[in-house]
Amino acid sequence: MSLIRLLAVDSLKNGMKVAKNVYWCDGNVLLAKGVCLHRGFIEKLKVFGITSVYIIDELIDKIEVDELVTEQTRNEATLIVKETMQNVKNAKTPEGEKVIKIVDSITDELISNPNIIVNLVEVRAMNDYTFAHCLGVSILAMVTGIGMGYDYKKLKELGIGAILHDIGKAFIPDEVLYKPGPLTQSEYEEIKNHTKMGYNTIRDCNDFSMSSAHVAWQHHEKFDGTGYPRRLKGETIHEYARITALADVYDALTTRRSYREQIMPHEAIEYLRDAEGITFDPEIAEVFLEKIAPFPVGSVVQLNNGEKAVVTKINKEFPGRPVLASIVDSTGSKIEQPVERDLRKDLTLFIVEVINVWIGRGRPGR
Ligand SMILES: [Fe+2]
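Residues numbered from 1 in each chain as written. Predicted model: local features only at pLDDT ≥ 70, side-chain atom pairs only at ≥ 80, totals over all residues.

J.: In this structure, what is going on with unusual backbone geometry? I would like to understand it.
T.: Glycine aside, negative phi is the norm for most residues, and most peptide bonds take the trans geometry. The omega torsion of the bond from Tyr-228 to Pro-229 falls at 5 degrees, within 30 degrees of zero and hence cis. When you line up the elements, Pro-229 lands in the loop between helix 9 (210-218) and helix 10 (239-253). In the Ramachandran plot, Ala-91 falls in the positive-phi region, its phi being about 60 degrees despite a non-glycine side chain. Note on placement: Ala-91 falls in the loop between helix 2 (71-89) and helix 3 (96-111). Its identity is not glycine, yet Arg-231 carries a phi of approximately 50 degrees, on the positive side. Within the secondary structure layout, Arg-231 lies in the loop between helix 9 and helix 10. The class for Arg-231 is exposed, based on 12 C-beta atoms found within 10 Å. (Helix = DSSP H or I, 4+ residues; strand = E, 2+ residues; numbered from the N terminus. Buried ≥ 20, exposed ≤ 12 C-beta atoms within 10 Å, placed from the backbone.)

J.: What is the right way to read the nonpolar core from this model?
T.: Soluble globular proteins tend to pack their nonpolar side chains together in the buried interior. Among the nonpolar cores identified, the biggest contains 82 residues, and Ile-163, Leu-246, Leu-272 and Val-301 are the most heavily contacted of them. Here Val-301 is in contact with Phe-295, Ala-309, Val-311, Leu-324, Ile-351, Glu-353, Val-354 and Ile-355, once residues within four sequence places are set aside. Core analysis: the second largest hydrophobic core is formed by 15 residues, Leu-6, Val-22, Leu-45 and Val-53 among them. (Core = buried A, V, L, I, M, F, W, Y, C linked by C-beta atoms within 7 Å. Contact = placed C-beta atoms within 7 Å.)

J.: How do you make sense of the pairing of strand 7 (residues 308-313) when you look at a structure like this?
T.: Successive side chains on a regular strand alternate, one facing one side of the sheet and the next facing the other. Across three bridges, strand 6 (residues 300-303) lies against strand 7 in antiparallel orientation. Bridging from a neighbouring strand, Gln-302 pairs with Lys-308 of strand 7. Adjacent in sequence and paired antiparallel, strand 6 and strand 7 are bridged by four residues, among which Gly-306 carries a positive phi angle near 95 degrees. (Pairing = 2+ DSSP bridges.)

J.: Whenever I open this one, the packing of helix 2 against helix 3 confuses me. Can you help?
T.: Pairs of packed helices are described in terms of their axes, by the angle between the two and the distance that separates them. Where helix 2 meets helix 3, the axes come as close as 10 Å, and the angle between the chain directions of the two elements is 150 degrees. Here helix 3 runs roughly antiparallel to helix 2, going by the angle between their axes. Like other packed secondary-structure pairs, helix 2 and helix 3 cross with a definite hand, here left-handed. Residues Thr-73, Glu-76, Ala-77, Ile-80 and Thr-84 of helix 2 pack against Lys-98, Val-99, Ile-102, Ser-105, Ile-106 and Glu-109 of helix 3. Looking at the contact of helix 2 with helix 3 residue by residue, the class counts come to five nonpolar, three polar and three charged. (Axes fitted to C-alpha atoms, helices over the stretch in contact; angles between N-to-C directions. Parallel < 35°, antiparallel > 145°, perpendicular 65-115°, else oblique. Left-handed = near helix turned anticlockwise from the far one by under 90°. Nonpolar A, V, L, I, M, F, W, Y, C, P; charged D, E, K, R; others polar.)

Put into structure tokens, the structure is as follows:
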């Protein structure tokens, strides 16, 4: 009898059991599912920049965290992105076939699940960020494409563009790309250039379509015309790039970076809503936001009746009203036999705040 919970590293205690693998760069496992935590492990997680971990809580019936894409595909994709970036860095042509093959697998896995909802918090080491981010962006973009009724061909073009959207960063020196402090004007101009460089790289590879190349060029354009590099506006920005822009910011916000903490999905959703029509295409943003669970399975939340509960299941039609199991009553006492409640049916009950997961605030990436 166990429950999966996502806990902030600061809340981890000796003896807790890891519920999902925690990955190191290259897809290697840093901490395997089932491992019992001790102080040494917990300290290491902090050093490696891991902020939250899924743990097994011996409370109620086992719940499953839905995987959008299998671990194997994720790890393979992360490696391919890394390899592709390395090739571009070394002035070699990207191996288009490999990228196409992995985007095929992601597409197949995503479309085999018609009710997909993004309900997972990425638990990864920080220096793996660039590659895992590219994959995260492509999954989010494709999920949105599915919501927009895209066919297989369009999904693949979008997925390829999204997974390679930052490929131009291979041309930017690491000291500029990973500079912890604020950038100078000329450094910022250099970074902006990754869009055009990415476009050139994808365009010059015969395996990819021009539409995919436009994603790299236009993913920093903003709907109101204040983005870069060409200050394109509204629907003059390629639709794939408008989708990828949303996915890029959402993934960056919900992942920890060297210069800021990550924020919770429901806070990132609020940020995107505020930017609808300004930074993002409002119609696409609506489709995107329908696909994101603001309170992923495993989140511990405070309810308006004073109880604390764990999210156990996402209602696909109403991701903001999940199924919960109360674990602490309004007097602060632990509930020994938690009872599940469906917020879709219990309309007097609502989530006041998210607790006990990672907490922090910040701004989206560059
Ligand atoms: Fe970018």
